[in-house]
Amino acid sequence: MNQKTSIPKGTRDFGPVPMMRRNYLFDTIRSVFQLYGYMPIETPAMETLETLMGKYGEEGDKLIFKILNSGDFASGIKPEFFENLLRNPENSGQISKTMASQISEKALRYDLTVPFARFVVQHREEITFPFKRYQIQPVWRADRPQKNRYREFYQCDVDVIGSNSLLNEAELIKIIDEVFIRFGLNIVIKLNNRKILAGLAEVSGMGSNLTDFTVALDKLDKIGMELVKKEWSSKGFSNDSIDLIIPVIGNTGSNSDKLDRLRDILKNSGTGQKGLEELETLMKIISGFDLKCSVEIDLTLARGLNYYTGAIIEVKSLDVQMGSICGGGRYDDLTGIFGMPGVSGVGVSFGADRIYDVLEQTNGFTALTHTGTQILFLNFGPEESAVCMPLADQLRSAGISCELYPDSTKIKKQMQYADQNKIPVVIMIGETERNASQASVKYMSSGEQVNIAFSDLTNAIGKIF
RNA sequence: GUGGUAGUAGUUCAGUCGGUUAGAACGUCGGAUUGUGGUUCCGAAGGUCGGGGGUUCGAAUCCCCUCUUCCACCCCA
């Protein structure tokens, strides 16, 4: 009888309470973005397959949700695929990959950055640079879900594109500080610079393989120095070169200690020096800011995304043990892949779901007042409801949200409805009240009940809220 | 993609060595109380025991396959 219902793996329903909290979260973030002059954009849930493919590396391509072509998609498959598959079943992975492009030409967006790059290139004639935009939309990844990781989740991206100034990085740091002040959360902003990492790899002879270098380095926090060394060794880096940089990347000492050590080791690397210079300048700019949060240079900060070319930014919660809750950086040539080279951008992305979890664990939602119905009119029948409706309209005009119970069922049931929906005030207008032109007003928390003349109702109720 | 864990009512879970009609709590609905919520009492509904196959006189229980969940890895927000 009851059909078994479910939603796809890694997706979620949000009930009224979580939604109120999520809206608060998005509204807060959005209002800070707007305060700094960023403009909203939205892009479609789906992009053409070629826009997305190849932008996230081999692994990323596999995690893109592809949309099957409408209609008779099978007719697009060439016969040799079936023959090939029968002949080489062990090759099915490769065959599927090639076949995908014939039966699918669009896919769900994987992040907001690549669609943004596409947007900028496509609308370059209409955009005035530097272009400051924010975008709060869901993205989809065909990853295997696990704790705090979903197949559908929201990103809140804020970027400025078409400006090389480090003031942009500084402004983003300001925005991060402001957002988390509004949430009442304690955070630390961690900074690094991709050019410094490149410089370190260069002077230790690992320059040719920056990706492997940084992927391992990024795990330092998690797996420890010994395992990082081991991973480097397995990728072919020499012990000598490893030992050379170990003392520098260790997260000991103050920010200026770290900068001093870098100045020394990077003196023979042009790229490294450039990065160091950027980081020093940025630190100098933000030293003039009145930030609540601390800013810490973390040379192990690498972040997976390979398109970062300058600053790398990451935010960690100090209240709750959790991965990063916000992160980003500068990318010098993101639009280059769409044929518009030389446009630099910098941006960060707030992880809404993780911030939600942090706020939940720190009781950060308790300040959120109940924004549902404030007043419930009980329904005693058609004649009484007819009296209630204009009164309800008067209250609404005064900005008080109220509703009339739709059915004239038992009062007990209507009271239960008020109780369970946490409606603080119930107004009863039955035959007696109607004849006396007085409403019985009941305060649910105390149980207290008073009579108020219809003519005084809006005024009297207005004083409560 | 790899490894582990689990799957029984809407939810959280019992269910003995394979043995009669699969239970509880909470929730839902109804009643006690025809105009008064939270507490209490009574009652009811709700199950293809994730699905398929196998072993057996007999399977929620044992075996195989599959799906799903959660956790960890890879990667990432």
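Only a predicted model underlies this, so the values are computations on that prediction, with no experimental measurement involved. (Residues numbered from 1 in each chain as written. Chains lettered and ligands numbered in written order. Predicted model: local features only at pLDDT ≥ 70, side-chain atom pairs only at ≥ 80, totals over all residues. Heavy atoms only, no water.)

## Points about the sheet that holds strand 9 (residues 311-317)
Read from one edge to the other, the open sheet built from 8 strands follows the order 1-5-6-11-10-9-7-8, with strand pairing classed as mixed. The two strands at the open ends of the sheet, each matched to only one other strand, are strand 1 (39-40) and strand 8 (294-297). Inspection of the sheet shows strand 9 paired to strand 10 (residues 326-331) by 4 bridges, in the antiparallel sense. Looking at strand 10, one finds that V315 is bridged to C326. Taken strand by strand, helix 8 (residues 194-203) contacts strand 7 (187-193) and strand 9, and its axis lies near 50° from that of strand 7. (Pairing = 2+ DSSP bridges. Helix = DSSP H or I, 4+ residues; strand = E, 2+ residues; numbered from the N terminus. Contact = heavy atoms within 4.5 Å. Axes fitted to C-alpha atoms, helices over the stretch in contact; angles between N-to-C directions.)

## Re the packing of helix 1 (residues 16-35) against helix 15 (residues 352-361)
Interaxial distance between helix 1 and helix 15 falls to 11 Å at its minimum, and their mutual angle equals 115°. By the angle class used here, helix 1 and helix 15 are roughly perpendicular. Where helix 1 crosses over helix 15, the two elements pack in a sense that is right-handed. Along the contact surface, helix 1 presents P18, R21, R22, L25 and F26, while helix 15 presents A352, D353, I355, Y356, L359 and E360. When grouped by side-chain class, the residues that make up the contact of helix 1 with helix 15 number 7 nonpolar, no polar and 4 charged. (Parallel < 35°, antiparallel > 145°, perpendicular 65-115°, else oblique. Left-handed = near helix turned anticlockwise from the far one by under 90°. Nonpolar A, V, L, I, M, F, W, Y, C, P; charged D, E, K, R; others polar.)

## Remarks on the domain arrangement of chain A
For chain A, the assigned domains are domain 1 (16-43 + 117-361), domain 2 (46-108) and domain 3 (375-464). The C-alpha-based centres of domain 1 and domain 2 are spaced at 32 Å. In this complex, domain 1 contributes 9 residues to the contact, which on the side of domain 2 involves 7 residues. Buried surface at the junction of domain 1 and domain 2, summed over both partners, amounts to about 810 Å²; 72% is from carbon and sulfur atoms. When the area that domain 1 buries against domain 2 is broken down by residue, the three leading residues are R118, W140 and A142, summing to 53%. Applying the counting rule to domain 1 against domain 2 returns 2 residue pairs in polar contact (both at pLDDT 80 or more). (Domains from an automatic or database assignment. Buried area = accessible area lost by both parts, 1.4 Å probe. Polar contact = N/O pair within 3.5 Å; in protein donor to acceptor, adjacent residues only side chain to side chain.)

## Brief notes about the pattern of salt bridges
Applying the stated rule across the entire model yields 21 salt bridges. Here D159 makes a salt bridge to R133, at a shortest N to O gap of 2.7 Å. Taken together, the residues span a long stretch of sequence, with D159 in strand 6 (residues 152-161) and R133 in strand 5 (residues 131-140) at a distance of 26 residues. Each of the two residues, D159 as well as R133, counts as buried. With a shortest N-O distance of 3.1 Å, R396 and D393 are connected by a salt bridge. On the criterion of helical spacing, the pair formed by R396 and D393 is a turn pair, its members being 3 residues apart in helix 16 (residues 382-397). Within the structure, one salt-bridge network assembled from shared partners comprises R12, R22 and D353. (Salt bridge = Lys/Arg side-chain N within 4 Å of Asp/Glu carboxyl O. Buried < 20%, exposed > 50% of the residue type's maximum accessible area, 1.4 Å probe, protein only.)

## Points about the protein's contact with RNA strand B
Around RNA strand B, 38 residues are found, and the nearest of them are R141, K147, R149, E433 and M444. Between RNA strand B and R144 there is a distance of 3.1 Å, counted from a base oxygen to a side-chain nitrogen or oxygen. E431 has a polar backbone atom sitting 3.3 Å from a base oxygen of RNA strand B. Elements with a minimum of two residues in the surface near RNA strand B: strand 6, helix 17 (411-420) and helix 18 (431-436). Looking at the surface near RNA strand B, the element that brings in the most residues is helix 17, giving 6 residues. (Near = heavy atom within 4 Å.)

## Some details on the packing of aromatic side chains
Evaluation of the coordinates by the stated rule reveals 12 aromatic pairs. Seen in terms of ring centroids, Y405 and Y417 are 5.1 Å apart; in terms of plane orientation they differ by 85°. Their pairing is edge-to-face. Placement of the pair is Y405 in the loop between strand 13 (402-404) and helix 17 and Y417 in helix 17, with a sequence separation of 12 residues. Residue classification places Y405 among the buried positions, given a relative accessible area of 7%. Residue classification places Y417 among the partly exposed positions, given a relative accessible area of 30%. The rings of Y24, F33, Y134, F180, F183, F350, Y356 and F365 are connected pair by pair, giving a single aromatic cluster. One cation-aromatic arrangement involves R133 over F116; the distance from NZ or CZ to the ring centre is 3.8 Å. (Phe/Tyr/Trp six-rings, centres within 6.5 Å; stacked < 30°, edge-to-face > 60°. Lys NZ or Arg CZ within 6 Å of the ring centre and 35° of its normal.)

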